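Read off the chains here:
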Amino acid sequence: MADIELAPGPSRAEVPLTLLVKRLAGRFALPPQATDALLDLPFVLRDYQPGQVIIREGDKVRQCTFVVTGFVTRYKLVGDGGRQIVAIHLSGDFVDLQHILLDRADHSIHALTHASVVQFPADALVRLSYQFPDIGKALWLESLIESATFREWIANVGRRDARARTAHLLCELATRRQAAGLGPVDTFELPMTQEQLGDALGLTSVHINRTLRGLESEGLIRRSKRAVVVADWPALQRAGDFNPQYLHLHDKP
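These lines cover the structure that appears in this document, whether it is placed above or below. Predicted model only: the values in this text are computed from it and were never measured.

1. So, the overall build of the chain
Each helix and strand counted, the chain has 8 helices and 11 strands in total. Here the C-alpha radius of gyration of the chain, 18 Å, is about what a compact globule of 253 residues would show, namely 18 Å. In the chain, which comprises 253 residues, the proportion classed as buried is 49%. With an accessible surface of roughly 12,100 Å², the chain has 54% of that area assigned to carbon and sulfur atoms. For the chain, the separation between the mean place of its 29 positive charges and that of its 29 negative charges on side chains is 3 Å.

2. Here's the deal with the packing of helix α6 (residues 194–201) against helix α7 (residues 205–217)
Closest axis-to-axis distance for the α6/α7 pair is 8 Å, and the angle between their directions is 100°. When the interaxial angle is binned, α6 and α7 end up roughly perpendicular. For the pair formed by α6 and α7, the contact residues are Q194, E195, L197, G198 and L201 on the first element and S205, I208, N209 and L212 on the second. Across the contact of α6 with α7, the residue classes break down as 4 nonpolar, 4 polar and 1 charged.

3. Focus on the environment of G26
Within the element layout of this structure, G26 appears in helix α1 (residues 15–27). The exposure class assigned to G26 is partly exposed, which follows from its relative accessible area of 37%. Taking the C-alpha atoms as reference, G26 lies 9.0 Å from L249; in sequence the two are 223 residues apart. Those residues within four positions of G26 in sequence are excluded, and the remaining contacts are D251 and K252.

4. Regarding the pairing of strand β4 (residues 63–69)
Summarising burial for β4: 5 of the 7 residues are buried, a large majority. Bridging between β4 and strand β8 (residues 115–121) involves 6 bridges; their strand directions are antiparallel. Bridging across to β8, Q63 finds its partner in P121.

5. A word on the packing of aromatic side chains
Taken as a whole, this structure holds 3 aromatic pairs when the rule is applied. Judged by centre distance (5.0 Å) and plane angle (70°), the ring pair of F66 and F94 falls under edge-to-face. Here the residue F66 occupies a position in strand β4, and F94 occupies one in the loop between β6 (83–89) and β7 (108–111), the gap between them amounting to 28 residues. Over the aromatic face of Y75 sits the side chain of R83, whose NZ or CZ is 5.7 Å from the ring centroid.

6. Some points on the environment of V230
Structurally, the position occupied by V230 is in strand β11 (residues 227–230). With 14 residues separating them in the primary sequence, V230 and E216 have C-alpha atoms 9.5 Å apart. Among residues more than four places away in sequence, those in contact with V230 are V185, D186, F188, L220 and L236.

7. Focus on the sheet that holds strand β9 (residues 187–189)
Read across the open sheet, the 3 strands follow the order β9-β11-β10; overall the sheet is antiparallel. Strands at the two margins of the open sheet, each flanked by one partner only, are β9 and β10 (221–224). Strand-to-strand twist across the sheet, computed as the mean angle between neighbouring axes with direction ignored, equals 20°. Two strands pair when backbone bridges link them, and β9 and β11 are joined in this way by 3 bridges, in the antiparallel orientation. Its bridge partner lying in β11, E189 is registered against A227.

8. Quick notes on empty space enclosed by the protein
Within this structure, the stated rule accounts for 1 cavity of 30 Å³ or more. Here the largest cavity is characterised by a volume of approximately 50 Å³. Surrounding the largest cavity, W153, N156, V157, H168, L169, E172, A200 and L201 form its lining. Mapped onto the lining of the largest cavity, the elements with two or more residues apiece are α4 (133–159), α5 (162–179) and α6. A class-by-class count of the residues in the lining of the largest cavity yields 5 nonpolar, 2 polar and 1 charged.

9. Things to note about the pairing of β6
By the bridge criterion, 6 bridges tie strand β5 (residues 72–77) to β6 in an arrangement that is antiparallel. Each residue of the ladder has a partner; that of L77, found in β6, is R83. The antiparallel pairing of β5 with β6 creates a hairpin that spans 5 residues between the two strands, and G81 there sits at a positive phi of about 90°.

Rules and cut-offs
- Residues numbered from 1 in each chain as written.
- Predicted model: local features only at pLDDT ≥ 70, side-chain atom pairs only at ≥ 80, totals over all residues.
- Heavy atoms only, no water.
- Helix = DSSP H or I, 4+ residues; strand = E, 2+ residues; numbered from the N terminus.
- Rg over C-alpha atoms; globule rule 2.2 N^0.38 Å.
- Buried < 20%, exposed > 50% of the residue type's maximum accessible area, 1.4 Å probe, protein only.
- Areas by Shrake-Rupley, 256 points an atom, 1.4 Å probe, with all protein chains shown as cover.
- Lys, Arg positive; Asp, Glu negative; His and termini not counted.
- Charge placed at Lys NZ, Arg CZ, Asp CG, Glu CD.
- Axes fitted to C-alpha atoms, helices over the stretch in contact; angles between N-to-C directions.
- Parallel < 35°, antiparallel > 145°, perpendicular 65-115°, else oblique.
- Contact = heavy atoms within 4.5 Å.
- Nonpolar A, V, L, I, M, F, W, Y, C, P; charged D, E, K, R; others polar.
- Pairing = 2+ DSSP bridges.
- Phe/Tyr/Trp six-rings, centres within 6.5 Å; stacked < 30°, edge-to-face > 60°.
- Lys NZ or Arg CZ within 6 Å of the ring centre and 35° of its normal.
- 1 Å grid on protein atoms, 1.4 Å probe; cavity = no way out; pocket = protein on both sides within 12 Å on 5 of 7 lines; lining within 4 Å.
- Points joined across faces, edges and corners; volume = space filled by probe spheres on them.

Written out as structure tokens, the structure is:
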């Protein structure tokens, strides 16, 4: 892991801060003074290799993490050592917004791919939320949408069969990548092994392999290594019972 410490003020042109402003301004209209305050935030930029732990369950945490590039997962380990992936994050996502107020991690976070993340002092975000209520509202809205996504994941794992679970996750990742400006919905890289997909969907890697081959044989997707081409987007949405409303991509008070 490589750290790059950046002080407030001179870092205005840095990508992490402009990405943060874009994300929060997309959630709630921000006045110029609030934007300037965000651009003056102190932060640390960190690079991680695939599989590296960013935060471990039980850690004392005094910062909030924001993804600049790459993919990051959040997961829980259970008593027998099994892992449940509970969220996948990509460029422009907050990973642990709860650490603005909660100072101990109740789950772990690791880099799924090569990833760059920026970490902001939690107390600095709290101060900005009080000083600029619009920033507080944007962060609150971000947290509410994260909760909506968690609810959908619970429904997906708890009530959909393997085919629907897998199709739903493919649809979500494609939709969120497109919304983040990372590419079209019909062609994308799936940065997960079959074991990792199984950890996210509550399935074995054998079941994941069989399910992906089934979606291929139905003509819904095509695969080449980790690249996925959606051959029939409406059919894949139907197979996954996918309605993007829970992502609130276009909701802005």
